[in-house]
Amino acid sequence: MSLVIQPSLFGSSGDLGLADLGAAVERRQLSNGAWIDLRPGFVTAADELFDALASTVPWQEERMHMYDSDVRVPRLLARYAQGETLPHPVLDKARSALNAHYIEELGEPFVSAGLCLYRDGSDSVAWHGDRVARESARDTMVAILSLGAARPFALRPKSGGPGLRLQIGHGDLLVMGGSCQRTWLHAIPKTARCLGARISVQFRPHWGNDLGKPTGDARDA
Ligand SMILES: O=C(O)CCC(=O)C(=O)O
């Protein structure tokens, strides 16, 4: 599949690398034992990483079964299972930094990486909790590194009530933790605003599954 992505012009300068986690990570408690951590600017000079991933990752278009027909998943995907070489050394460094920061609380390392490419505002992911984790009684974490266009990241409690919309920008880190996958839902809604492409990298611990592969439900609609 050929994919044309304009080289990023998000305007980051300096050297590609990682900023510290530590005290720069800000935690926000949600209801029902869920929480999110935010670390804006975790990846420094992130343009280079965006461009490298956009042009070198073997992005796949997937289809899912919905309402008796096969429909196109509205984003491109790539998955790196435990032990597979990640597509950029900065992602290895990011995973190591996340493991150093979270291993005690998480009790296990982040191992896999799922990558999504939202080509424009019509690419999206519908409300969902990550498969496997949403069915497990155990708390867990998903760490998401966001590159490119700042798309709203929406969260709402499964049981109803007010949610929130975060603007996660170029190089920012968001970690969903505690019961978030089973008691809250998250989504990247479609938008008519012309924002450009976004890449997200989701680091997950080993859940004994195939990296949270969509099950063919409505999550990508
Ligand atoms: O792109 C994102 O930040 C979220 C991706 C996501 O929720 C998923 O792939 O399960």
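Parameters at a glance
Residues numbered from 1 in each chain as written. Predicted model: local features only at pLDDT ≥ 70, side-chain atom pairs only at ≥ 80, totals over all residues. Bend = angle between axes of the 7 residues up to and from the residue. Helix = DSSP H or I, 4+ residues; strand = E, 2+ residues; numbered from the N terminus. Buried ≥ 20, exposed ≤ 12 C-beta atoms within 10 Å, placed from the backbone. Contact = placed C-beta atoms within 7 Å. Near = placed C-beta within 6 Å. Nonpolar A, V, L, I, M, F, W, Y, C, P; charged D, E, K, R; others polar. Pairing = 2+ DSSP bridges. Axes fitted to C-alpha atoms, helices over the stretch in contact; angles between N-to-C directions. Arc of directions from axis to C-beta.

Caption draft 1: Broad picture of helix 2 (residues 89-106). At Ala 100, helix 2 shows its largest bend, some 45°. Among the residues making up helix 2, those that are buried are Val 90, Leu 91, Ala 94, Arg 95, Leu 98 and Tyr 102. Packed against the buried residues of helix 2 are strand 1 (17-18), strand 4 (43-44), helix 1 (47-56), strand 7 (110-118), strand 9 (142-148) and strand 14 (198-205). Positive phi appears at Gly 107, one or two residues downstream of helix 2, with a value of about 80°.

Caption draft 2: Just the site of the ligand, in detail. Near the ligand lie 11 residues; those nearest to it are Cys 116, Val 125, Ile 144, Ile 188 and Ser 200. Those elements giving two or more residues to the shell around the ligand turn out to be strand 7, strand 13 (184-188) and strand 14. Grouping the constituent residues of the shell around the ligand by class yields 5 nonpolar, 5 polar and 1 charged.

Caption draft 3: Broad picture of the environment of Leu 91. Structurally, the position occupied by Leu 91 is in helix 2. Considered as a pair, Leu 91 and Phe 203 are 112 residues apart in the sequence and their alpha carbons are 9.5 Å apart. Setting aside its immediate chain neighbours within four residues, Leu 91 contacts Leu 86, Ala 113 and Val 201.

Caption draft 4: Summary view of the environment of Arg 75. Relative to the assigned elements, Arg 75 resides in strand 6 (residues 69-80). As for Arg 75 and Leu 117, which are separated by 42 residues in sequence, their C-alpha atoms are 5.7 Å apart. Leaving out residues up to four positions away in the same chain, Arg 75 has contacts with Cys 116, Leu 117, Tyr 118, Asp 123, Ser 124 and Val 125.

Caption draft 5: Inspection of the sheet that holds strand 8 (residues 125-128) at higher detail. If you trace the 4 strands from one edge of the open sheet to the other, you get 8-13-10-11, paired in antiparallel fashion. Looking at which strands have only one partner, the edges of the open sheet turn out to be strand 8 and strand 11 (164-168). On average, each strand axis in the sheet is tilted by 20° relative to the strand beside it, whichever way the strands run. Alignment of strand 10 (residues 151-157) against strand 11, held across 5 bridges, turns out to be antiparallel. Bridge pairing links Pro 152 to Gln 167 in strand 11.

Caption draft 6: Representation of helix 1 in the model. By the burial criterion, the buried members of helix 1 are Asp 47, Leu 49, Phe 50, Leu 53 and Ala 54. Buried positions in helix 1, seen along its axis, are confined to an arc of 165° and lie on one side of it. Turned more than 90 degrees away from the buried face of helix 1, the exposed residues are Ser 55 and Thr 56. Packing partners of the buried residues in helix 1 comprise strand 4, helix 2, strand 7, strand 9 and strand 14.

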